[in-house]
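Examining the three-dimensional arrangement
Here are the chains, one letter per residue:
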Amino acid sequence: MQLKNEKTNLLLINPEEMNQVDKIAMQYLPVLTLMENAGLAVARAIMQFYKPCKILVLCGPGNNGGDGYVVAHILANEGWPVKVASLKPPEKGTDAYKAFVQWNGDKTDFNIQSVRDADLVVDAVFGAGLSRDIDDHISSVLKAADHLVAIDMPSGVDGKTGIIRGYAPHAELTVTFCRAKAGHYLLPGREYIGKLVIANIGIPENILSELSINTWLNEPGLWELPIADVEDYKYHRGIVNVVGGGTVTGAARLSALAASSCGAGLVHIFAFGSRDLYLLTSPCFMVDEGDFTDTLQDKRRKVWVCGPGLTEDEVKISLINLIKTNKTIVADASALTKENFDLLKQCAVITPHIGEFKRIFGDFKDCRIEAVKKAASILNTVVILKGPDTLIASPDGRVAVNCHANARLATAGSGDVLTGVIATLLACGMEVWEASCAAVWIHGEAAFLHNNSWPNAMDLIHNLGKARDNGRYHVEK
Ligand SMILES: NC(=O)C1=CN([C@@H]2O[C@H](COP(=O)(O)OP(=O)(O)OC[C@H]3O[C@@H](n4cnc5c(N)ncnc54)[C@H](OP(=O)(O)O)[C@@H]3O)[C@@H](O)[C@H]2O)[C@@H](O)CC1
Ligand SMILES: Nc1ncnc2c1ncn2[C@@H]1O[C@H](COP(=O)(O)OP(=O)(O)O)[C@@H](O)[C@H]1O
Ligand SMILES: [K+]
């Protein structure tokens, strides 16, 4: 299958997949050519962003080091003062070795003093082949750099998980190849990357569509938002229903207000109590009370938010009945317990933060992408693991990493707002994973629209309409 270009640009590759890509690419191009292209891309980026200065290239024993020798060669040919420090020479017969023997310029020791003598350090120690924590000697040398450009990854950042293996330097610029890796965007790795340049080094694009790579950066292009159509009517735009708790009402009201502000055709709240409060919240809301099961008979009222502000009992009653009537459920907050595990299997989307995730699935080691993928597959439900780098996983294996968010979202009720956006996009007919991804992006965009202030959840809601439109115009621009 040939993917649309705008979408394949959002692919994130992990180091194992990159290995597969390399192996197939070798059928088209020798590794040494790829390495030369990689080194050229790094040298070009350095020449673009820095003035000529004293360069030290720190080279490791693998192909990342191989790229480093190429960079040294090119910059020296351009007249820059360049020294190379090898941690360990590459093994004879390897492509990195071929690059190593071509370097006949200045060599120096792999130590702190060499770093201090340089203006700019090129980190070509480890990239995709990082296999364990880096030791004290290597970390002390990297730590001495004031200005550092990383090849592929700052050494020590795990390309698959974004976890720091022992130590990693903070790069000002990272040049990676073919596509970004998940570790460039996952925290804490993202904090170490600096400016990210993704260079084309001649790997044929068809290789990417042949491999079933299924991790994506969450940006417009991954999904398409429905527009306000000439012939729209409220039922076409979609009905969002929120289960409203009888005592704690704020969370459900935020969810409903969010739906109303980002384009739902109609918003209903089923109130287990406090009906007047719900009615007073917005004249746009339809508020029902009475027999919940009767309310559920209306087939047009398909999409329901269940969890925000509900007591345990309210969750039980509503979730069971929503499932019985085959509703599309967005489950959050108090619905997210281990006890409800089997009920969650019948939901379309669940939106745990890390605490709720662990409450349902138990603790996990290292790779959050793997953990959230597994959770989605076990539940057969889209799982949105919320946080500063929210992950959105589909049971079919697709995962999106969202970086389009900032700490202005860290305000009470912000998660409730997200549920309303997801429900709105589901109600207008978007596919579940795409609706979830788009909603997470729109939620983040609402925060960016408040970049000079400190929004509370209501402020975020006011920006949702514009945020939703920005999710389209981004692509159309
Ligand atoms: N993808 C592409 O298209 C292209 C990719 N290219 C480049 O190739 C890079 C990947 O190269 P790579 O596979 O040789 O791995 P690399 O990162 O050099 O490290 C492996 C070596 O380091 C060692 N080692 C690991 N961790 C260690 C530690 N903590 N402490 C000490 N040692 C450690 C490890 O030892 P071992 O684990 O085997 O004991 C092995 O010797 C990639 O990042 C990109 O820059 C381009 O050249 C061409 C096109
Ligand atoms: N530092 C942060 N950077 C980006 N997004 C954040 C940050 N902190 C929280 N968020 C987002 O804000 C929302 C908080 O939701 P949640 O934890 O359920 O809070 P609440 O229950 O108060 O609504 C999530 O969507 C989360 O991804
Ligand atoms: K590196």
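On a predicted model such as this, the values are computed, not experimentally measured, just so you know.

Conventions used here
- Residues numbered from 1 in each chain as written.
- Chains lettered and ligands numbered in written order.
- Predicted model: local features only at pLDDT ≥ 70, side-chain atom pairs only at ≥ 80, totals over all residues.
- Heavy atoms only, no water.
- Near = heavy atom within 4 Å.
- Polar contact = N/O pair within 3.5 Å; in protein donor to acceptor, adjacent residues only side chain to side chain.
- Areas by Shrake-Rupley, 256 points an atom, 1.4 Å probe, with all protein chains shown as cover.
- 1 Å grid on protein atoms, 1.4 Å probe; cavity = no way out; pocket = protein on both sides within 12 Å on 5 of 7 lines; lining within 4 Å.
- Sits in = over half its atoms within 2 Å of the grid points.
- Helix = DSSP H or I, 4+ residues; strand = E, 2+ residues; numbered from the N terminus.
- Salt bridge = Lys/Arg side-chain N within 4 Å of Asp/Glu carboxyl O.
- Contact = heavy atoms within 4.5 Å.
- Domains from an automatic or database assignment.
- Buried area = accessible area lost by both parts, 1.4 Å probe.
- Points joined across faces, edges and corners; volume = space filled by probe spheres on them.
- Nonpolar A, V, L, I, M, F, W, Y, C, P; charged D, E, K, R; others polar.
- Expected span 1.5 Å × (residues − 1).
- Buried < 20%, exposed > 50% of the residue type's maximum accessible area, 1.4 Å probe, protein only.
- Pairing = 2+ DSSP bridges.

Glancing now at the site of ligand 2. In the vicinity of ligand 2 there are 16 residues, among which K386, G387, G413, S414 and G415 approach most closely. Between ligand 2 and the protein, one listed contact pairs an oxygen atom with a side-chain N or O atom of T390 at 3.2 Å. L409 places a polar main-chain atom, nitrogen or oxygen, 3.2 Å from an oxygen atom of ligand 2. About the coverage of ligand 2: the protein hides 76% of its 570 Å² of free accessible area. The site holding ligand 2 turns out to be the second largest pocket. It is helix α18 (residues 414–427) that provides the largest number of residues to the shell around ligand 2, a total of three residues.

Glancing now at the pattern of salt bridges. Inspection of every chain in the model, using the stated rule, returns 17 salt bridges. Between D232 and R237 there is a salt bridge, with the nearest N and O atoms lying 3.9 Å from each other. Among the ionic contacts, a cluster of salt bridges with common partners joins E16, K160 and E370.

What follows is about the side chain of S155. Structurally, S155 is set in the loop between β5 (148–151) and β6 (173–177). Of note is the side chain of S155, whose polar atom sits 2.9 Å from the backbone nitrogen of F126. Aside from chain neighbours lying at most four places away, what touches S155 is D123, V125, F126, I134, L142, Y167, A168 and P169.

As a further point, take the side chain of R472. By secondary structure assignment, the location of R472 is in helix α21 (residues 464–476). Apart from the residues lying within four places of it in its own chain, the contact partners of R472 are L225, P226 and I227.

Attention now goes to the domain arrangement of the protein. What the domain assignment reports for the protein is domain 1 (5–213) and domain 2 (234–476). For domain 1 and domain 2, the distance between their C-alpha centroids amounts to 41 Å. Taken together, the contact between domain 1 and domain 2 spans 10 residues of the former and 12 residues of the latter. Three residues stand out in domain 1 for area buried against domain 2, namely L186, L187 and R190, and they jointly supply 44% of the buried area on that side. Applying the counting criterion to the domain 1 and domain 2 interface returns one salt bridge. A salt bridge links E370 to K160, with the shortest nitrogen-to-oxygen separation between them at 3.7 Å. Joining domain 1 to domain 2, the criterion identifies three residue pairs in polar contact (both at pLDDT 80 or more).

Within this model, the largest pocket holds a volume of roughly 850 Å³. Lining the largest pocket we find 34 residues, and of these G62, N63, N64, A128 and G129 sit closest to its centre. Elements supplying a minimum of two residues to the lining of the largest pocket: α2 (15–25), α3 (31–49) and α4 (63–77). Here the element with the most residues in the lining of the largest pocket is α2; it accounts for five residues. Taken together, the residues of the lining of the largest pocket break down into 18 nonpolar, seven polar and nine charged. Considering only enclosed or pocket space, the second largest pocket measures out at about 370 Å³ in volume. Around the second largest pocket, the lining comprises 17 residues; the ones closest to its centre are K386, G387, P388, L409 and A410. Listed by contribution, the elements that provide at least two residues to the lining of the second largest pocket are α18 and α19 (432–448). When grouped by side-chain class, the residues that make up the lining of the second largest pocket number seven nonpolar, eight polar and two charged.

Before going further, it helps to spend a moment on helix α14 (residues 312–324). Relative to the 18 Å expected for 13 residues at 1.5 Å per residue, α14 spans 18 Å between its end C-alpha atoms, a close match to the ideal helical length. For α14, the elements touching its buried residues are β9 (239–244), α13 (292–295), β12 (303–306), β13 (328–331) and α15 (341–344). Within two residues after α14, N326 carries a phi angle of roughly 60 degrees, on the positive side.

Going residue by residue along strand β15 (residues 382–385), you find V382 and I384 tucked away on one face and V383 and L385 tucked away on the opposite face as well. Sheet topology places strand β14 (residues 349–350) next to β15; two bridges connect them, and they run parallel. Within β15, the residue paired with I350 across the bridge is V383. In terms of strand pairing, β15 meets strand β16 (residues 391–393) through three bridges, oriented antiparallel. For V383, the partnering residue across the bridge sits in β16 and is A393. Between β15 and β16, which follow one another and run antiparallel, lie five residues.

If you check the shell around ligand 1, you find 22 residues, and the closest are D67, G127, S131, R132 and D152. Protein burial of ligand 1: of its 940 Å² of free accessible surface, 79% is covered by the chains. Judged by its atoms lying within 2 Å of the grid points, ligand 1 is housed in the largest pocket. Only α2, α3 and α4 provide two or more residues apiece to the shell around ligand 1. With three residues, α4 is the largest single contributor of residues to the shell around ligand 1. Class assignment of the residues belonging to the shell around ligand 1 gives a composition of 11 nonpolar, six polar and five charged.

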